[in-house]
Amino acid sequence: MVSIMEMNMAPRRITEERIRKKERRIAYLSMEIGIAPKMPTYSGGLGILAGDTIKSAADLKVPAVAITLIYKKGYFRQKIDDKGAQQELPYEWNPRKFMKLRPQSTEVKIEGRRVKVQAWEYRVRGASGYTVPVFFLDTDLEGNSEYDRSLVYNLYGGDERYRLAQEVILGIGGVRLLRELGYRHIRRYHMNEGHSSLLTLELLRQKGITDPESLKVDEIRKLCIFTTHTPIPAGHDQFSYQLARKVLGRFLPLKTIKAFGGKDNLNMTRLALNLSHHVNGVAKEHQRVSREMFPGYQIDSITNGVHAWTWASDSFRDLFTRFIPGWRSAPTSLRYAISLPDDEIWNAHAEAKRKLIDYVNATTDAEMDPEVITIGFARRATAYKRADLLFTDTERLRRIARKVGKFQFIYAGKAHPKDTAGKRLIKKILTKAKELKGEIEIVYLEGYDMNLARMLVSGVDVWLNTPLRPREASGTSGMKAALNGVPSLSTLDGWWIEGCIEGMTGWAIGSLDMKDSSDTKCAESLYHKLEREVIPVFYYDRRTWVGMMRLCIAINGSFFNTHRMVHQYVVSSYAQ
Ligand SMILES: *Cc1c(COP(=O)(O)O)cnc(C)c1O
C-alpha cells in the first residue's frame, strides 16, 4: 500500500539530484508523450495529455517516472500544397539538444533477435523545482539490425509487425530498463492506453507466473493501472496470435497470454483490463461507453484535464498572476477568476487574439481582421471529428455573414498519413475557403503542433468542436480554450457533456439525444446557434460575452486541469 504520505515524502528543499531513486513509486508508460514543442514525439491528444500529466505530477511532487519511445523522425512535418493535398515530410531533430543518453541498457527479444535498448533522459521541472524524469527509449544503437534500429523512427508509422515490435520495446523494454536505471521500487505501472500493456506479461514472467488461475496474478494486478482512451472498437490495438508468436517468441506460454489477452486475438485493451486493479475512462460519458464495450469490468472515470500554466497565453498568465497568486501550483484557485474585472479579461484576450491574427496574416494570404469574431477548429483531421460540418449548407453560411455579422474561421490539424478520409477533409475545407473568399475568410494553417495550439486556443473568440457522438472520449483542446476564457461551441460529447452550461461556458450543438447527432441535424443546430446566439452576443452584447469568458475560466479552467486530474489518480488509483 502506498500511502499518500509516502508519495509526498520528498522533503521540500532537497534538490532532485538527492532524491533517491528508490522513492520513485509510479511508472507512467505512454506510446507518445508531448512535453516540449520542439520535440516531435507526439501526434495529438494522447501525447499532449501524457505530457500535461507529467508536468502536473512534477508540480505536485508525485514520485513518478515516465517512459515512451524517442521517434527520431517524429510523427511528420505537414505541408499542404496548392491543391489542398497534405504532404508528410520527415521531422529530423536532434535529441541531444534536449537530453542525455543514459549509458545503462537492457535487451528485448523481437522475432528471436536480441535488441539492445537504451534511453534518453529528459527532466520535467515542476513549479517548485521537483523533477520527474521521462525516459525516451532508443534502439537505434550500434549492434542492432537496420530494422530494429528503425523501430524508434516513426510514431504510428509502419505496419502491424512494426507496431507490435514498438510495443515490445515500450512495455517489456520499459519495465526492464527501469530496473537497470536503478528504479527498483516501482509500486504502480500506469498504462496510458493499451499500447504499453505487454508490461503486464513481463511482470508475470518476472514472477514466474504461468498459471492464469494462480493467486499470485493478483500481485501483478496490484501493480497495474490502466487508462483507456478510445470509445471506438477499431481503435483498440489487436494482433493475430500468429504475429504475436512470431514477434514475441516463447516469451510466455501461449495459453497464459491467451487467458489474459483474449481467445482469438491479442487484444491490448483486454490484456490491460484483465491485469489491472484500477481501470478508468477519461470522461463520464466515456466510462459509460467503455462499460458497454467491456461488460464485466469495473471501469471508473477520471475526466481529463490540461496543464494550466502550459496552455494559458502570456497575457492570461500575467493576469492570473496579478489577481490570483499561486494559481500556477494550484489551478483550482482559478475559481477566483469570478471576480476578475471585465476590461482585464477583454484586454488579455485582445492581446492573444492580435498575436494569432498577426501570425495568420503573416503566414498565409488571408487578410483577417482582429475586430471580426474569429472561430477556431484545430484537431486531428479524421472523419468522426467532422471538420466539414460547417460547410453542410454554404448558402446559409453566406446569409449569416451578410445578415447577422461577419465572421472568420481558422482551421488546423494533421491527417494520419494513411487516413485518406481525413486528407479529403483538409482538401474540402480548402476548396470551400476558396469558394467563400471575399465573403467569409477561412484559412487552414499548416503544421498543427503545441505552439500553434496554444496560440489558437487563446487567440480565437470561439472554439468549435463537432465530433460524432460518442466517439470523442474526452477531447482536451476545448479545455485549453476555456482556461483562456474562450467559450466552446460543441456537440455534446466527451468532456463537453460535463463542461457545457448553455449560454454561460459556451453552447451545445444538438442535444444529448443520439437521434440528434446526424450531420444534418447537427449542422442545423450549428447554424442556429451561430445566427441567434454566438454572433449577435459577440457584436451586440459585449458584457454578456465577457461574462461568459469569465465563467469559462472560473468554472471550467479551475476544474478541467491536470492538477485536479492527477490528484484523482493519486487518491483513487495510485494509492489504492
Ligand atoms: C490539445 C491538442 C490536441 C488534442 O485536442 P482534442 O481537442 O482532444 O482533439 C491535439 N493536438 C495538439 C497539438 C494539441 O495541442
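So, how was this worked out
- Residues numbered from 1 in each chain as written.
- Predicted model: local features only at pLDDT ≥ 70, side-chain atom pairs only at ≥ 80, totals over all residues.
- Heavy atoms only, no water.
- Helix = DSSP H or I, 4+ residues; strand = E, 2+ residues; numbered from the N terminus.
- Buried < 20%, exposed > 50% of the residue type's maximum accessible area, 1.4 Å probe, protein only.
- Contact = heavy atoms within 4.5 Å.
- Areas by Shrake-Rupley, 256 points an atom, 1.4 Å probe, with all protein chains shown as cover.
- Pairing = 2+ DSSP bridges.
- Axes fitted to C-alpha atoms, helices over the stretch in contact; angles between N-to-C directions.
- Near = heavy atom within 4 Å.
- Polar contact = N/O pair within 3.5 Å; in protein donor to acceptor, adjacent residues only side chain to side chain.
- Nonpolar A, V, L, I, M, F, W, Y, C, P; charged D, E, K, R; others polar.
- Parallel < 35°, antiparallel > 145°, perpendicular 65-115°, else oblique.
- pLDDT = per-residue confidence, 0-100.
- Salt bridge = Lys/Arg side-chain N within 4 Å of Asp/Glu carboxyl O.

### Observations regarding the overall build of the protein
Counting its regular elements, the protein contains 21 helices and 20 strands. The dimensions of the protein, computed from C-alpha atoms along their principal axes, are 70 × 50 × 45 Å. Sorting the 576 residues of the protein into buried and exposed places 61% on the buried side. Here the analysis covers contacts within the protein between residues at least 6 apart in sequence; of these, 72% occur between residues at least 24 apart. Just so you have it, the protein exposes about 22,800 Å², and 49% of that area is on carbon and sulfur atoms.

### Some remarks on the sheet that holds strand E19 (residues 488-491)
Pairing is parallel across the open sheet formed by six strands, whose spatial order is E17-E16-E15-E18-E19-E20. At either end of the open sheet lies a strand with only one pairing partner, and these are strand E17 (441-445) and strand E20 (506-509). If you compare each strand with its neighbour and ignore which way they point, the axes differ by 20° on average. Where helix H15 (residues 420-436) meets the sheet, it contacts strand E16 (407-412) and E17, and its direction lies at approximately 150° from that of E17.

### Brief notes about the site of the ligand
Contacts to the ligand come from 14 residues, most closely from Lys385, Ala453, Thr476, Ser477 and Lys480. At a separation of 3.0 Å, an oxygen atom of the ligand approaches a polar side-chain atom of Lys385. Against a free-state accessible area of 390 Å², the protein chains account for coverage of 94% of the ligand. Looking at the shell around the ligand, its residues break down into five nonpolar, five polar and four charged.

### Quick notes on the packing of helix H14 (residues 394-403) against helix H19 (residues 519-540)
A pair of packed helices can be characterised by two numbers: the angle between their axes and the separation between those axes. Closest axis-to-axis distance for the H14/H19 pair is 11 Å, and the angle between their directions is 5°. Taken together, H14 and H19 sit at an angle that is classed as roughly parallel. Of the residues in H19, those in contact with Arg396, Leu397 and Ile400 of H14 are Glu524, Tyr527, His528, Glu531 and Ile535. Counted by class, the contact of H14 with H19 contains four nonpolar, one polar and three charged residues.

### Here's the deal with the confidence of the model for the protein
Put simply, the protein has an average pLDDT of 95, and 97% of its residues get 70 or more. Taken as a whole, residues 1-6 scores under 50 in pLDDT and shows 15 contacts with residues more than four places along the chain or in a different chain.

### Re the environment of Gly174
By the secondary structure assignment, Gly174 is in helix H4 (residues 160-180). Owing to a relative accessible area of 0%, Gly174 belongs among the buried residues under this scheme. Between the C-alpha atom of Gly174 and that of Asp264, which follows or precedes it by 90 residues, the distance is 27 Å. Aside from chain neighbours lying at most four places away, what touches Gly174 is Ile67, Leu137 and Ile169.

### Details of the pattern of salt bridges
Evaluated as defined, the whole model comprises 37 salt bridges. Between Asp314 and Lys355 there is a salt bridge whose closest N-O contact spans 3.4 Å. Of this pair, Asp314 sits in helix H12 (residues 314-323) while Lys355 sits in helix H13 (residues 342-363); the two residues are 41 residues apart in sequence, bridging distant segments of the chain. Under the relative-accessibility criterion, Asp314 is labelled partly exposed at 34%. Judged by its relative accessible area of 42%, Lys355 is partly exposed. The partner of Lys432 in a salt bridge is Glu435, and the shortest N-O contact between them spans 3.9 Å. One end of the pair, Lys432, and the other, Glu435, are both in helix H15, three residues apart, so they sit about a helical turn from each other. What you see here is one network of salt bridges that share partners, running through Glu111, Arg113, Asp148, Arg161 and Lys246.

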